[in-house]
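Reading the structure
Now for the letters of each chain:
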Amino acid sequence: MKREEVFNFSAGPSVLPQEALERAAAEILNYNGSGMSVMEMSHRSAFFQEIFDATKAKLKAALAVPDTHEILFLQGGASLQFSMVPLNLLEAGTADYAVTGNFANIAMKEAKKYGNIHVAASSQEDNFSYIPRQEQLDLTPGAKYFYYCANNTIYGTAWDYIPQTEAPLVCDMSSEILSRPVDVSKYGLILAGAQKNMAPAGVTVVIMDKALAGHEMPITPLMLSYKTMIDKDSMYNTPPCWCIYMLGLTLDWLEKQGGVAGMEAIKHEKAQMIYDIIDNSKLYKPCARVDSRSDMNITFRTGDADLDAQFAKEGQARGLMNLKGHRSVGGIRASLYNAQPMEGVKALADYMKEFEVKHHV
Ligand SMILES: *Cc1c(COP(=O)(O)O)cnc(C)c1O
């Protein structure tokens, strides 16, 4: 298939802005008259330092990151943060976790290895179909931090409010970062793997209140200390150079789209186009509760696993890729990240209507 014939609904790694990929292609053999690819140059070179500083500055501007907070470009995916967060922030205290999906659950279990963890809320008994409200959060007085996952990629749910806690907020924003403005000052630490909404897999963005660094447990590996990385501006060792460069290209594209405010203005419209079809359908059933729906990952099912599989398969044949639900839950999932064009959403909407006419008896 040709790229022009395809719309990619993958949950991650996922579609990147066409313009960012074209620039990377044009510069791949010779970056900015250096005679070298970004993949080939020293991370200590002036050429790369400029890319690094510019990317960091663009991210700082895009999310209006205050000077109290540091931006780190780390490796190990969002999943390594599940260990890094407790190693650095838990000390001898207790941390509260809201378990609203697979990744929050893994983060909670991982943190338990390092100390006292309290489950402040869980929607597991209801198949992670909803987000608990503020009054349902059972908060521990004096907790070291409160951990939650803003957008649950597998279940298709999202928090529509910022939890109010005394403890610093730690938030996994992997699958929604850069889709809306965020008041970064309200967070102790934001973490996000790049491969959903920012760049290729390989860089993990952490934005943290510098005041929280420097309290790591003595057993903390050097490489997993936020303080190490803050002191060395993410370059204690070789950073994921290519991914940082690609993030810069995505951020240039984002700015032209009106930044995160521009993304927020259209994300709900895109998602609603698909939710409207689900809500008016006799075939499709939503997985997430209406008040907890994600604009990024839309999950639904027909009630028949074979028909779900057929939906993904026939979709692929017409260029609508990766519509299969996560292997742990099945069903159908369409991810509508920033780089998913409106035409892609419309093509999916048309396909859903046709499929229903054809298959609903
Ligand atoms: C994809 C994802 C992860 C896991 O990311 P890795 O980079 O593969 O470790 C964690 N949290 C959320 C919300 C995700 O969407």
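Data block above holds the structure.
This is a predicted model, so every value here is computed, not measured.

Turning to the sheet that holds strand 5 (residues 146–149), a few remarks are in order. The strand order 2-10-9-8-5-3-4 describes an open sheet built from seven strands, whose pairing is mixed. If you trace the sheet from one side to the other, it starts and ends with strand 2 (69–74) and strand 4 (116–122), each paired once. Ignoring strand direction, the axes of neighbouring strands in this sheet form an average angle of 20°. As paired elements, strand 2 and strand 10 (residues 204–209) share six bridges and run antiparallel to each other. Across the sheet, the residue bridging to L74 is T204, located in strand 10. Against the sheet, helix 3 (residues 77–89) touches strand 2, strand 3 (94–99), strand 5, strand 8 (169–172), strand 9 (187–193) and strand 10, its axis set at about 155° to strand 9.

Moving on, we get to helix 6 (residues 241–256). Residue pairs three or four apart in sequence face the same way in an α-helix, which turns once every 3.6 residues. The end-to-end C-alpha distance of helix 6, which contains 16 residues, comes to 24 Å, matching closely the 22 Å that a straight helix rising 1.5 Å per residue would cover. G258 occupies a position one or two residues after helix 6 and carries a positive phi of about 90°.

What follows covers the packing of aromatic side chains. Inspection of the entire model under this criterion finds 16 aromatic pairs. Centroid distance Y31 to Y245: 5.8 Å. Interplanar angle 85°. Geometry classified as edge-to-face. Of this pair, Y31 sits in the loop between helix 1 (18–27) and helix 2 (46–62) while Y245 sits in helix 6, and the two are 214 residues apart along the sequence. The same class applies to Y31 as to Y245, namely buried. Judged by centre distance (5.4 Å) and plane angle (50°), the ring pair of W159 and Y161 falls under tilted. Y161 matches W159 in its accessibility class, with the two residues each being buried. Here the aromatic residues Y284, F300, F311, Y351 and F355 are joined through ring pairs into a cluster of three or more.

Time to look at a nonpolar patch on the surface. A cluster of nonpolar side chains, contributed by I28, L29 and M39, occupies part of the molecular surface with about 320 Å² of accessible area. Looking at the secondary structure, you find M39 in the loop between helix 1 and helix 2.

Helix-helix packing: each pair is described by the crossing angle between the helix axes and the interaxial distance. Their axes nearest at 7 Å, the elements helix 6 and helix 7 (residues 259–279) cross at an angle of 65°. Between helix 6 and helix 7, the angle is such that the two are roughly perpendicular. Considering how the two elements wind past one another, helix 6 and helix 7 form a crossing that is left-handed. Listed contacts from helix 7 to W253, L254 and E255 of helix 6 are G259, V260 and M263. By residue class, the composition of the contact of helix 6 with helix 7 is four nonpolar, one polar and one charged.

What counts as what
- The numbers attached to residues start from 1 for each chain and follow its sequence in the written order.
- Per-residue local features of the predicted model are confined to residues with pLDDT of at least 70, and side-chain atom pairs are confined, for both listing and counting, to 80 or more; whole-chain, interface and lining totals are unaffected and use all residues.
- The basis for every side-chain value is the complete set of non-hydrogen atoms in the structure, without hydrogens or water.
- Should DSSP find at least two bridges between two strands, the strands are regarded as paired.
- Elements are defined by DSSP. Helices are runs of H or I of four residues or more, strands are runs of E of two residues or more, and each kind is numbered from the N terminus.
- Every axis corresponds to a line fitted to the C-alpha atoms, with the helix fit spanning only the stretch in contact, and the corresponding angles, defined between N-to-C directions, vary from 0 to 180 degrees.
- For this analysis, residues touch if any pair of their heavy atoms sits within 4.5 Å.
- Between the first and last residue of a helix there are one fewer steps than residues, each counted as 1.5 Å, and that sum is the expected span.
- Each aromatic pair joins two rings of Phe, Tyr and Trp (for Trp, the six-membered one) with centres within 6.5 Å, and gets the label stacked for planes under 30 degrees apart, edge-to-face for over 60, and tilted for any other angle.
- Burial classes: relative accessible area under 20% of the type maximum marks a residue as buried, over 50% as exposed, and values in between as partly exposed (1.4 Å probe, protein chains only).
- Within the patch definition used here, like charges are joined within 9 Å and nonpolar side chains (Val, Leu, Ile, Met, Phe, Trp, Tyr) within 5 Å, considering only residues with over 30% relative accessible area and no salt bridge.
- Note on areas: these come from Shrake-Rupley sampling with a 1.4 Å probe, and a residue is covered only by the protein chains present in the view.
- Salt bridge, as used here: a side-chain nitrogen of Lys or Arg that lies within 4 Å of a carboxyl oxygen of Asp or Glu.
- Every angle not falling under 35 degrees, over 145, or within 65 to 115 is termed oblique; those three ranges are roughly parallel, roughly antiparallel and roughly perpendicular.
- The handedness criterion is simple: a crossing whose near helix is rotated anticlockwise from the far helix by less than a right angle is left-handed, and one whose near helix is rotated clockwise is right-handed.
- Amino acids outside the nonpolar list (Ala, Val, Leu, Ile, Met, Phe, Trp, Tyr, Cys, Pro) and the charged list (Asp, Glu, Lys, Arg) are all regarded as polar, and Gly is one of them.

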